[in-house]
Amino acid sequence: MRIVKIAFFDTKPYEPDFFNEANKGFGFKITYLGSRLTQETVLLAQGHNAVCVFVNDTVSKEIIDHLCRDRIGLIALRGAGYNNVDLHAAFQKIHVVRVPSYSPHAVAEHAAALMLALNRKIHKAYYRTRDNNFTLTGLMGFDMSGKTAGIIGTGQIGKAAIEILKGFGMKILAYDAYPDKAYQQKTGFDYVTLDTLYKDSDIISLHCPLNKETRHLVNRETISKMKRGVMIINTGRGLLIDSKALIDGLKSGKIGYAGLDVYEEESEYFFEDFSNSGIPDDVLARLLSFPNVLVTSHQGFFTKEALHNIAHTTLDNIRQYFDNGALPNEICYKCSVTPCPRLKTGKCF
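Anyway, here's the lowdown on the structure attached to this text. The structure presented is a predicted model; accordingly, all values stated were derived computationally and were not measured.

Among the residues making up helix H2 (residues 61-69), those that are buried are Ile63, Ile64, Asp65, His66 and Leu67. The secondary structure elements touched by the buried residues of H2 are strand S3 (50-53), strand S4 (74-77) and helix H3 (87-90). Two residues or fewer after H2 comes Arg71, characterised by a positive phi angle close to 60 degrees.

Right, here's the structure in full:
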């Protein structure tokens, strides 16, 4: 039986433990590489049968062509997002699979954590009491019960966020290009237009995919429609927000709080240590300077349960490909076309 070899790019210190444990049920040979997948490092994939990539790996046309020349037939994303992959270039050449769902609760709970920390100034209180300062001045928050939360995107993460915030006693407004009416009736919230959501929400949380329609969904025009002092939470994709417009909104007071687990230029910084060198990105540095902004480094997914699920699903995606089976988690740029070829053949091509 042939041993399948996987080139695992952009390996983080915590990943081998989870993937090695999951691999006990598959028997693959995994080469863990610290380097990101780039035009300079793609040579490291030679001799392997598949590559496994993360959010900051670049999967461009040039890299796809190189992988094809090396007879690599599968790109396995160990995450849900795929905006770093040139799907047009991959179509009919190399299959691309992803992990569509690993733990919606992990991301939704992180969004709620950002809301609570910003509202009750937990980040400020932590440092204050560490200095033996137990005053309350400047730490006042607001009751979330009775306030209105606007959820943009009601996929699995958005739904988990709705249930959490309903538990706080919040009124929920939601927008989705493809609303789930059955879930709406079961759960009890209102689907509204984006303009209504912007106008009426005290907290807006982004849980939608990144595409042409949602790129810079939060911009100067949409911010102008929001309540003064609105809280914006983004645990989705950095490019959902125009960061410069966000800064202007924070400076004017139109935006009262921002909780960001993602940033539009994060690939240069997130998951890396710049504590001894500083950050040359003026926009990110400005965001970090606001006392009413919390930035976390794309850690919404980072729970034991999520990493276990990511490892198992990623390796099972690879098994299905090499078993010549259906690929239920395959993606291509034609996935939105009806009827989808995968529904008939089990694969995108």
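With that settled, the discussion passes to the nonpolar core. Counting residues in each nonpolar core, the largest one holds 30 residues, and the members touching the most others are Ile152, Tyr198, Ile204, Met226, Ile232, Leu246 and Leu250. Where this core is concerned, the elements lending two or more residues are helix H8 (194-200), strand S9 (203-206), strand S10 (230-234), helix H10 (243-252), strand S11 (255-260) and helix H11 (282-289). Per element, the largest residue contribution to this core is 4 residues, and it comes from H10. Counting residues in hydrophobic clusters, the runner-up holds 28 residues, among them Ile6, Ala22, Ala311 and Leu327.

Here we take up the side chain of Lys12. Along the chain, Lys12 turns up in the loop between strand S1 (5-8) and helix H1 (15-23). Lys12 gets classed as buried once you look at its relative accessible area, which sits at 6%. A distance of 2.9 Å separates polar atoms of two side chains, one belonging to Lys12 and the other to Asp10. Apart from the residues lying within four places of it in its own chain, the contact partners of Lys12 are Phe54, Phe271 and Glu272.

Rules used throughout
All residue numbers refer to position in the chain's written sequence, counted from 1. Whole-chain, interface and lining totals are the exception, using all residues; otherwise, since this is a predicted model, local features are given only for residues with pLDDT of at least 70 and side-chain atom pairs are given and counted only at 80 or more. Hydrogens and water molecules were not included; the side-chain quantities draw on all heavy atoms of the structure. To sort residues, take the accessible area from a 1.4 Å probe on protein chains only and compare it with the maximum for the residue type: under 20% means buried, over 50% means exposed, and anything in between is partly exposed. Secondary structure elements are defined from DSSP: runs of H or I of at least 4 residues count as helices, runs of E of at least 2 residues count as strands, and each element is numbered from the N terminus. When checking whether two residues touch, look at their non-hydrogen atoms; a contact exists if any pair is within 4.5 Å. To form a nonpolar core, buried Ala, Val, Leu, Ile, Met, Phe, Trp, Tyr and Cys residues must be joined to one another through side-chain atoms within 4.5 Å. Residues adjacent in sequence count toward polar contacts only when both atoms are side-chain atoms; beyond that, a polar contact is any pair of N or O atoms within 3.5 Å, and within protein one must be able to donate a hydrogen and the other to accept it.

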